[in-house]
Amino acid sequence: MKYISTRGGITPISFEDTVMMGLATDGGLLLPQTIPVIPFETLQKWSRLGYADLAFEVIRLFATDIPTETLQKLIDTSYASFDTDEVTPLVELNGLHILELFHGPTLAFKDIALQFLGNLFAYILEKRGGRLNILGATSGDTGSAAIYGVKGKKNIHIFILHPHKRVSPIQAMQMTTVPDANVFNIAIEGTFDDCQAIVKTIFNDLEFKERHHLGAVNSINWARVMAQVVYYIYACLRLKGTPLNPVHFSVPTGNFGDIFAGYVAKRMLNGLIGRLILATNENDILARFLTEGRYKKARQVVPTISPSMDIQIASNFERYLYYLMNESGELVKDAMTLFEQQGEIKFNEKQMETARGDMSALAVNQKLTTQTIKDFYHKSGYILDPHTAVGVAAAMAHRKALAGPIVCLATAHPAKFAEAVRAATGVEPPRPSSLNGIEQKPQRLTVMPCSMAEVKAFVEKHAL
Ligand SMILES: *Cc1c(COP(=O)(O)O)cnc(C)c1O
């Protein structure tokens, strides 16, 4: 399998090069040249597989340049760190199916992709004799999942910026209590946007970037999307989706990475996956795309109780745009240029018909999110985290209109967002054993003023 850019500006490259490149050199996002459609007989065989074996079958279709035994080992190692062999258990509650994606080491769905990506990076670097200094900014979940993905790995250092005292205490401790010497936590006296701006400016210094082999781990990396395709297929096969009784998915959405993985799975399963429900919080650029037929930048980000979905621009949306624009790199490039200049992309009727066939959307406000956590707890005793609750609320709104089971992706463990849970239910969410004693562990972090120069000097000093 070879990979191309959504903007059509690169000659096709291998899977390994795709992983190492991250963002395409022409500014676009990387995609496989074709999305394989899985024959019915193969799916019947797949339906008997456990999670890790299914992941191997799916990922080998895309990662064709990695020897199969190596790939099997990378995948088995990645999912052995989860607290259940099922990896992503499916729970039926109140007429909905909850797909629990939070059984990894940092209790959010990002572990599913980042555990694998960490092992993949280590393998490729070892083979090629390279080194990598990962630099990123986090508002909470991505940073800890990335740190856990690469901690202790050879040839990799990781530098994660977070806004000092502005991530939840659990989220901060998940990052700062990691003892491995290749992990560097930088707490910036500023906001998440300040952290992101610093990282962006450093990446724009191409000489510095190349000299230090800087790399990113955000969701624009194709390997992250690819690893997430697996659980859509897993849930669809568990629930025995058929073209007459397809399985629908409700996806709490921020950067569009997770739901785009659902779109890839939908194409691969040709009819077995029905509707993708795109659930957002008040930051609703994507919901407005479906309701208004245009993709228009919001003025600013609204902070909510589902902070991992507080985004202004959804970086993975460009991948969907590529298919919506008949796989024309030219059209995508023009649309993205226009978006950068005018902050808006308009769509024609035919494009919107296609998009509305793939997805429906709902923006769920914080009041309804809190109410959903409360109702769900009172009806079933099950505690939703606020991100999952956004998706559950959207699923409830669609339930009457859709035949077939609806799977709600549970993207975080409620213990990560205990404050919102307490406010909604009056009870403390159960605490998973991985958090036991975390308050007593020594913390390692460097607090810094909001200064690009200081961060750069720090990276310079500690880079591999
Ligand atoms: C990152 C995140 C999301 C949003 O996922 P995207 O792929 O960015 O759409 C939703 N919920 C939680 C808990 C997250 O950490």
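Rules of the game
Residues numbered from 1 in each chain as written. Predicted model: local features only at pLDDT ≥ 70, side-chain atom pairs only at ≥ 80, totals over all residues. Heavy atoms only, no water. Helix = DSSP H or I, 4+ residues; strand = E, 2+ residues; numbered from the N terminus. Rg over C-alpha atoms; globule rule 2.2 N^0.38 Å. Buried < 20%, exposed > 50% of the residue type's maximum accessible area, 1.4 Å probe, protein only. Contact = heavy atoms within 4.5 Å. Areas by Shrake-Rupley, 256 points an atom, 1.4 Å probe, with all protein chains shown as cover. Salt bridge = Lys/Arg side-chain N within 4 Å of Asp/Glu carboxyl O. Near = heavy atom within 4 Å. Polar contact = N/O pair within 3.5 Å; in protein donor to acceptor, adjacent residues only side chain to side chain. Nonpolar A, V, L, I, M, F, W, Y, C, P; charged D, E, K, R; others polar. Expected span 1.5 Å × (residues − 1). Arc of directions from axis to C-beta. Pairing = 2+ DSSP bridges. Axes fitted to C-alpha atoms, helices over the stretch in contact; angles between N-to-C directions. Lys, Arg positive; Asp, Glu negative; His and termini not counted. Right-handed = clockwise from strand over helix to strand, strands pointing away.

*Asks:* Help me out: how do you make sense of the overall build of the protein in this one?
*Replies:* Scanning the protein from terminus to terminus reveals 19 helices and 15 strands. Scaling as 2.2 N^0.38, a compact globule of 464 residues should have a C-alpha radius of gyration of about 23 Å, and the protein matches this with 21 Å. With the C-alpha coordinates aligned to their principal axes, the bounding extent of the protein is approximately 60 × 55 × 50 Å. When each of the 464 residues of the protein is scored for burial, the buried share is 58%. Pairs at least 24 residues apart make up 76% of the contacts formed inside the protein by residues separated by at least 6 positions. As presented, the protein carries roughly 18800 Å² of accessible surface, and 51% of it is formed by carbon and sulfur atoms.

*Asks:* Quick question: what am I supposed to make of the pattern of salt bridges here?
*Replies:* Pairing is possible between side chains of opposite charge, provided their charged atoms come close. Here the structure, examined in full by the defined rule, presents 18 salt bridges. For Lys-154, the salt bridge identified is with Glu-126, shortest N-O distance 3.5 Å. With a gap of 28 residues between them, Lys-154 in the loop between α6 (141-150) and β6 (156-163) and Glu-126 in helix α5 (residues 110-128) connect regions that are remote in the sequence. Here Glu-126 falls in the partly exposed class, since its relative accessible area comes to 47%. Arg-288 is paired through a salt bridge with Asp-284; the nearest N and O atoms lie 3.0 Å apart. Under the relative-accessibility criterion, Arg-288 is labelled buried at 17%. Judged by relative accessible area, Asp-284 falls into the partly exposed class, the value being 22%. It is possible to trace a salt-bridge network through shared partners that takes in Glu-16, Asp-17, Lys-127 and Arg-128.

*Asks:* Sorry, what's going on with the site of the ligand here?
*Replies:* Near the ligand you find 15 residues, and of these Lys-110, Asp-141, Gly-254, Asn-255 and Thr-411 are the closest. Asn-255 places a polar main-chain atom, nitrogen or oxygen, 2.7 Å from an oxygen atom of the ligand. Between an oxygen atom of the ligand and a main-chain N or O atom of Gly-257, the distance comes to 3.3 Å. Taking 380 Å² as the accessible area of the ligand by itself, protein coverage stands at 96%. Partitioned by chemical class, the residues of the shell around the ligand number 5 nonpolar, 7 polar and 3 charged.

*Asks:* Would you mind showing me how to read helix α16 (residues 366-380) here?
*Replies:* Within an α-helix, residues lying three or four positions from one another point in the same direction, as the helix has 3.6 residues per turn. End to end, α16 covers 21 Å across 15 residues, agreeing with the expected 21 Å (1.5 Å per residue, within 8%). Those residues of α16 that sit buried are Thr-369, Thr-372, Ile-373 and Phe-376. Along the axis of α16, the buried residues cluster in a sector spanning 100°; they form a single face. Within α16, the exposed residues directed more than 90 degrees away from the buried face are Lys-367, His-378 and Lys-379. Against β3 (90-93), β4 (96-100), α17 (386-398) and α18 (418-425) lie the buried residues of α16. The positive-phi residue at the C-terminal boundary of α16 is Gly-381, with phi of around 75°.

*Asks:* Looking at this model, I keep getting lost on α5. Mind explaining?
*Replies:* Its 19 residues place the ends of α5 27 Å apart at the C-alpha level, agreeing with the 27 Å of an ideal helix rising 1.5 Å per residue. One or two steps after α5, the chain reaches Gly-129, where phi turns positive at roughly 70°.

*Asks:* Just checking my understanding: could you explain the sheet that holds β4 for this structure?
*Replies:* Strands belonging to one sheet form pairs held by backbone hydrogen bonds; the direction of such a pair is parallel or antiparallel. On the basis of which strands lie adjacent, the open sheet formed by 6 strands has the order β3-β4-β14-β9-β10-β13 and mixed pairing. The open sheet has two free edges, formed respectively by β3 and β13 (359-363), since each of these has just one partner strand. Going across the sheet, the axis of each strand differs from the next one's by a mean of 25°, ignoring polarity. Sheet strands in contact with α17 are β4, β9 (247-252), β10 (273-280), β13 and β14 (406-410), and its direction is about 125° off that of β10.

*Asks:* Would you take a moment to explain the side chain of Lys-266 for this structure?
*Replies:* By the element assignment, Lys-266 lies in helix α11 (residues 257-269). The buried charged residue Lys-266 lacks any salt bridge, with Asp-358 as its nearest oppositely charged partner at 4.5 Å. At 2.6 Å, the side chain of Lys-266 forms a polar contact with the backbone oxygen of Gly-274. Excluding anything up to four places from it in sequence, Lys-266 contacts Gly-271, Ile-273, Gly-274, Leu-276, Gly-357 and Asp-358.

*Asks:* Help me out: how do you make sense of the pairing of strand β7 (residues 183-189) in this one?
*Replies:* Within a regular beta strand, the side chains point alternately toward one face of the sheet and then the other, so they alternate between its two faces. Of all 7 residues making up β7, 6 are buried, and the element is well covered by its neighbours. The pairing of β6 with β7 spans 6 bridges and is classified as parallel. Bridge assignment links Pro-163 to a residue of β7, and that residue is Ile-188. In this fold, β6 hands off to helix α7 (residues 169-176), which returns the chain to β7; that crossover is right-handed. Bridge count for β7 against strand β15 (residues 446-449) is 4 bridges, and the pairing is parallel. Pairing of Ile-186 across the sheet is with Thr-446, part of β15.

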